[in-house]
Amino acid sequence: MASSVQNNRSSPAGFVYNCMCCKVCNRVCFRAFKWIPVLLIISIVTWSYYAYVIQLCIFTIESTVQKCVYLVIFHILLIMFAWSYWRTIFAEIQPVPDKYKLPERELEKLLSAESEEAQRNILESFASDLPIVTRTMSGSVRYCNRCVLVKPDRAHHCSICARCVLKMDHHCPWVNNCVCYFNYKFFMLFLGYALLYCLFIMATCLPYFIRFWKIYQEYKHAHCDRLTQNGTIISKQCMDMLNGEFGSAANAGRYHIVFAFFVSMMFAISLGSLFGYHCYLVANNRTTLDALENYQGRCCTPGKRVIAHAIKQLTEEAFRAPMFRGGADKNGFSMGVYNNFKEVFGNSPNLWMVPVFTSFGDGIVYPLPRQDEDTESLLSSERWERWGERAQPYDERESSSYDEL
């Protein structure tokens, strides 16, 4: 009897312990699983290094000058690509400042409010001193229930990272990180250098791909493959090809080069479209979450309306154009193409192509385009230049005053 009582008492503790172990194990497995795309990219780049440097430049190319030129350009692109990729992955994503988080007293008022209008008034009162200009579709303050804070402009909650991220663009599994204010320049450089890396490999491998294809066609035209399979005495032409460039010694290297050409071409196509899309976003000062418009009003036929309704149901509020007090405006943060470019890449042209943080602002406050050209022309220009001087993360300073703008 005593032993049974003891077992009954200890079993809940053991059950809780097992549950905790399962949660920890699941968390560790999930974190490890998220690194698989990154490891895949690293493995492909490592193989491409072997295929290009060893098989193409050392074993295939005969000209010493050509080898040196190819190797120098290849390593420059590889270093810049790897550097940008590293900075994108391991960029420190700073949290939303504490002044946006609701104190316990305000949180209790919000939870005990009897109506949505009362909750809205509580959030409006709390956010009255915060530098925010965007609203929800209903016109209320943007609020995150999971992080218990008022969202700064262009900030969104990432369900994978389980936190709100400043100027969030999207969560990229290929870098295992959120692409946001703190690493968007690095992400753009990563895409650009990766595209150049693939285009360079594709362009330099193309002549040898054509050359190998011609040799293969000669081999097939001489029916050397059939003669070899049937055990027939092989002609002198076939023997010369088997002992030369089509022989088994050159086979492995040739396949590496051909495969490198096709892999780089496929990646160049996908990277080119993605890089072009993000160049469009930079030129218009948008993010991926800002760019998708509400297509409801643009659809005329019933079929298109059904599709638009399905898209609307699948996308959350974050995937619509930014909402201001005057309504939605997809260009609400655009300051002109050149100024939009400098917002991401900074003022110094010498650092534009280097993965060093030079983005303007603090990730919280953004200048708005002028509304009245007669009264705001000079003020807007001066306002943007003063804001651009603050090209440093917000945590390097005590606060970010909206009055400075």
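Everything below is about the structure shown above.
An account of the accompanying structure is given in this report.

Conventions and cut-offs
- Residues numbered from 1 in each chain as written.
- Predicted model: local features only at pLDDT ≥ 70, side-chain atom pairs only at ≥ 80, totals over all residues.
- Heavy atoms only, no water.
- Helix = DSSP H or I, 4+ residues; strand = E, 2+ residues; numbered from the N terminus.
- Phe/Tyr/Trp six-rings, centres within 6.5 Å; stacked < 30°, edge-to-face > 60°.
- 1 Å grid on protein atoms, 1.4 Å probe; cavity = no way out; pocket = protein on both sides within 12 Å on 5 of 7 lines; lining within 4 Å.
- Points joined across faces, edges and corners; volume = space filled by probe spheres on them.
- Nonpolar A, V, L, I, M, F, W, Y, C, P; charged D, E, K, R; others polar.
- Buried < 20%, exposed > 50% of the residue type's maximum accessible area, 1.4 Å probe, protein only.
- Polar contact = N/O pair within 3.5 Å; in protein donor to acceptor, adjacent residues only side chain to side chain.
- Salt bridge = Lys/Arg side-chain N within 4 Å of Asp/Glu carboxyl O.
- Axes fitted to C-alpha atoms, helices over the stretch in contact; angles between N-to-C directions.
- Parallel < 35°, antiparallel > 145°, perpendicular 65-115°, else oblique.
- Left-handed = near helix turned anticlockwise from the far one by under 90°.
- Contact = heavy atoms within 4.5 Å.

1. Section: unusual backbone geometry
Part 1: Residue V148 is not a glycine yet carries a positive backbone phi of 55 degrees.
Part 2: Along the chain, V148 turns up in the loop between β1 (143-144) and β2 (149-150).

2. As for the packing of aromatic side chains
Part 1: Counted by the stated rule, this structure contains 23 aromatic pairs.
Part 2: An angle of 70 degrees between the planes, with centres 5.3 Å apart, marks the rings of W47 and F259 as edge-to-face. With W47 in helix α2 (residues 36-58) and F259 in helix α9 (residues 248-283), the pair connects residues that are 212 residues apart, well separated along the chain.
Part 3: Taken together, the aromatic side chains of Y49, Y52, Y70, F74, F81, Y85, Y184, F187, F190, Y197 and F200 make up a single cluster linked through ring pairs.

3. Remarks on empty space enclosed by the protein
Part 1: Taken as a whole, this structure holds two cavities of 30 Å³ or more when the rule is applied.
Part 2: For the largest cavity, the full set of lining residues is K167, C180, Y181, Y184, E343, V344, S359, F360 and Y366.
Part 3: Its residues assigned to classes, the lining of the largest cavity comprises six nonpolar, one polar and two charged.
Part 4: By volume, the second largest cavity is sized at about 40 Å³.
Part 5: Around the second largest cavity, the lining residues are K167, Y184, L281, V282, N285, R286, N340 and V344.
Part 6: Broken down by secondary-structure element, the contributors of at least two residues to the lining of the second largest cavity are α9 and α12 (337-345).
Part 7: Along the lines of polarity and charge, the residues of the lining of the second largest cavity split into four nonpolar, two polar and two charged.

4. Overview of the side chain of E343
Part 1: Within the secondary structure, E343 sits in helix α12.
Part 2: Here E343 falls in the buried class, since its relative accessible area comes to 3%.
Part 3: At 2.7 Å, the side chain of E343 forms a polar contact with the side chain of N285.

5. Overview of the layout of surface pockets
Part 1: What the second largest pocket holds in volume is close to 460 Å³.
Part 2: Along its surface, the second largest pocket is lined by 26 residues, and I41, F190, A194, F267 and L271 are the ones closest to its centre.
Part 3: If you list the elements that add at least two residues to the lining of the second largest pocket, you get α2, α3 (64-90), β5 (170-172), α6 (184-221) and α9.
Part 4: Of the residues contributing to the lining of the second largest pocket, the split by class is 22 nonpolar, four polar and no charged.

6. Some thoughts on the pattern of salt bridges
Part 1: With the rule as written, the count across this model stands at four salt bridges.
Part 2: Between K101 and D98 there is a salt bridge, and its shortest N-O distance comes to 3.6 Å.
Part 3: With a relative accessible area of 37%, K101 lands in the partly exposed category.
Part 4: Put simply, E343 and K167 hold a salt bridge, and the shortest N to O gap is 3.3 Å. Residue E343 is found in helix α12, and its partner K167 is found in the loop between β4 (163-165) and β5; the two are separated by 176 residues along the sequence.

7. Overview of the packing of helix α4 (residues 104-112) against helix α5 (residues 116-126)
Part 1: The contact between α4 and α5 brings their axes to 8 Å, and the two run at 160 degrees. When the axes of α4 and α5 are compared, the pair comes out roughly antiparallel. Along this stretch, α4 crosses α5, giving a crossing that reads as left-handed. Every residue of α5 that contacts α4 at E106, K109 and L110 is listed here: Q119, I122, L123 and F126.

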